[in-house]
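Single-letter residue listing:
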Amino acid sequence: MFLVDIDFCGIEALDEIFAIESLYNPTPWIRAWLERDLNLDNGLSCYLGARYRKNLVGFGACRRQKKRLYIMNLAIHPHYRRRGVASQLLLALAEIGTTWELRSATLDVRESNGDAQALYRGFGFRVVGRTRAYYQDGEDSYVMTASLPLVLPR
Ligand SMILES: CC(C)(COP(=O)(O)OP(=O)(O)OC[C@H]1O[C@@H](n2cnc3c(N)ncnc32)[C@H](O)[C@@H]1OP(=O)(O)O)[C@@H](O)C(=O)NCCC(=O)NCCS
């Protein structure tokens, strides 16, 4: 098993997070928004980083959305995919939700993003809706939810 170090991250990780985000996202978050998010200290949202030999290889972000944990983002550097890094981050994000006494998690995923949908389905997420033109480029999202704590894939 490829184990990574997972911990909270803040503004010091801005460049590394932005680099991973820019590698995959056709419409990456604007750097200033990311900077604002990483500087927030309101107890309502957080970023987690996954490090291998001190290098950031992936990150995840979540926030409280009423009684649910909303997973805002999850991305792994292309060189480190299919090694269980996203799974480790997802479990850590879900653990935060449990600590916040939330009973379910929700997220939006691109309709075309079969890779991420496969990951989420493995952890018990199911499609419960679709949001038209959710993304800046006009693509729809699937809304997926799962109960917390997450089930481990078989
Ligand atoms: C989707 C993503 C986060 C998966 O990260 P990862 O670290 O490779 O995922 P894991 O190794 O933990 O995969 C766990 C399981 O998810 C499924 N999965 C992950 N990537 C997959 C792929 N490319 N094709 C099919 N299934 C996939 C598989 O069931 C996999 O288990 P397996 O490798 O034993 O078959 C990664 O591909 C990524 O960063 N993509 C770009 C960013 C993105 O799309 N984020 C989602 C935003 S909603």
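Residues numbered from 1 in each chain as written. Predicted model: local features only at pLDDT ≥ 70, side-chain atom pairs only at ≥ 80, totals over all residues. Heavy atoms only, no water.

### Regarding the side chain of arginine 110
By secondary structure assignment, the location of arginine 110 is in strand 5 (residues 104-110). On the accessibility criterion, arginine 110 (11% relative accessible area) is buried. Setting aside residues no more than four positions away along its own chain, arginine 110 makes contact with Asn25, Pro26, Thr27, Gln117, Tyr135, Asp137, Glu139 and Asp140. (Helix = DSSP H or I, 4+ residues; strand = E, 2+ residues; numbered from the N terminus. Buried < 20%, exposed > 50% of the residue type's maximum accessible area, 1.4 Å probe, protein only. Contact = heavy atoms within 4.5 Å.)

### Describing the pairing of strand 3 (residues 55-65)
Note: strand 2 (residues 45-52) against strand 3, eight bridges, orientation antiparallel. Across the sheet, tyrosine 52 pairs through a bridge with asparagine 55, a residue of strand 3. As consecutive antiparallel partners, strand 2 and strand 3 are separated by two residues, and within that stretch arginine 53 has a phi angle of approximately 50°, a positive value. Across eight bridges, strand 3 lies against strand 4 (residues 68-76) in antiparallel orientation. In the strand pairing of strand 4, arginine 64 is matched with leucine 69. What sits between strand 3 and strand 4 in their antiparallel hairpin is a turn of two residues, with lysine 66 showing a positive phi close to 55°. (Pairing = 2+ DSSP bridges.)

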